Amino acid sequence: MQEYESRFWQLRLEHCKKALENNNFEVFVAQTFAEAKIIFKREILPSLIVKTASWGDSLTLYETGILEFLKQNQSIDLIETFAKDLPRGEILERRRQALLVDLFFTGSNAVTETGKLVNLDMVGNRVGAITFGPKNVVLLISRNKLVKDVEKGMERIKAHAAPLNAIRHEGWKTPCVKTSLCMDCNSPDRICNTWVITEKSYPRHRIKIILINQDGGL
Ligand code: SF4
């Protein structure tokens, strides 16, 4: 990455950090995915009591290596809700249990310059956990998720993230898998079911955000 490009995004992310802090989120800025893991280990985890944890699908989270770190931590019971060898009913039951953990991780489909989060879910386990349930939530957000406002965030998700996410999941049969365009479908595989706009963290600092100065996720 060119130094000037990194500097450009650093300025944008610092601006976004201030806006998010004004909305009661606790915010950190990492230069890399690896640094995000260090921030989590050194600055977030020691301030929390964590006996149980889980996560919602997030490519940015996977990039950081935080899950591998947690899997090695014997004192934390990690609820795995994406195991491919489990029946669908068991997966859904685990996702229900994951709504009561001490710490939940995921990403965000978009974050606005005014400090709001925009997310669109298929099942709802991700946006449900962001909204209520887990005692604390950590969101890993790459710089390419930054948008001007909620409207632009929703545009970005429907034009880019949702079709790409459908294509990522092998075997799904939504129209966007064939065309890359959203057709506002009625498919049983439709991944666009629940919008959640998070304007502020309640309680204050329940939602912790690590903004990352690298492109990642969808
Ligand atoms: S509504 Fe349907 S077609 Fe549009 S992005 Fe979502 S899954 Fe794809």
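None of the values given here were measured: they were computed from a predicted structure.

Engineer: Just give me the short version of the overall build of the protein chain, but keep the residues and values in it.
Structural biologist: Looking only at helices and strands, the protein chain has 8 helices and 10 strands in total. Here the C-alpha atoms of the protein chain give a radius of gyration of 17 Å, agreeing with the 17 Å that 2.2 N^0.38 yields for 218 residues. Principal axes of the C-alpha set define a box for the protein chain whose edges measure 40 × 40 × 30 Å. Residue pairs in contact within the protein chain that sit at least 24 positions apart in sequence constitute 76% of those at least 6 positions apart.

Engineer: Break down the sheet that holds strand 7 (residues 136-142) for me, citing the residues and quoting the values.
Structural biologist: Taking strand neighbours across the sheet as the criterion, the 6 strands line up as 1-10-7-4-2-3 in an open arrangement whose pairing is parallel. Each edge of the open sheet is held by one strand with a lone partner, namely strand 1 (26-30) and strand 3 (77-79). Averaged over all pairs of adjacent strands, the angle between strand axes in this sheet comes to 20°, irrespective of strand direction. Looking at chain direction, strand 1 and strand 10 (residues 207-212) are connected through 5 bridges and run parallel. When the sheet's bridge partners are listed, E26 is paired in strand 10 with K208. Running over the sheet, helix 1 (residues 3-22) touches strand 1 and strand 10 and is turned about 170° from strand 1. Its contacts with the sheet put helix 2 (residues 33-44) on strand 1, strand 7 and strand 10, and the angle it makes with strand 10 is roughly 150°.

Engineer: Account for the environment of S180, with residues named and values stated.
Structural biologist: Within the fold, S180 resides in the loop between helix 8 (175-179) and strand 9 (194-198). On the basis of neighbour count, S180 is assigned to the partly exposed category, with 13 C-beta atoms found within 10 Å. The sequence separation of S180 and H160 amounts to 20 residues, and the corresponding C-alpha distance is 8.1 Å.

Reading the values: rules and limits
In this convention, every chain numbers its residues from 1, walking through the sequence in written order. Thresholds applied to this predicted model are a pLDDT of at least 70 for local features of residues and 80 or more for the giving and counting of side-chain atom pairs; totals over whole chains, interfaces and linings are not thresholded and use all residues. Segments assigned H or I by DSSP are reported as helices when at least four residues long, segments assigned E as strands when at least two residues long, and all are numbered from the N terminus. Radius of gyration here uses only the C-alpha atoms, and the compact-globule reference equals 2.2 Å multiplied by the residue count raised to the power 0.38. Any pair of residues counts as being in contact when their C-beta atoms, constructed from backbone geometry, are within 7 Å of one another. Here, strands pair whenever DSSP counts at least two bridges between them. For helices, the fitted axis covers only the stretch in contact; all axes are lines through C-alpha atoms, and the angles between them, taken along N-to-C directions, range from 0 to 180 degrees. Three exposure classes are used, based on other C-beta atoms lying within 10 Å of a residue's own C-beta, which is placed from the backbone: buried for 20 or more, exposed for 12 or fewer, and partly exposed in between.

So far we have only geometry, and geometry alone does not tell us how the molecule works.
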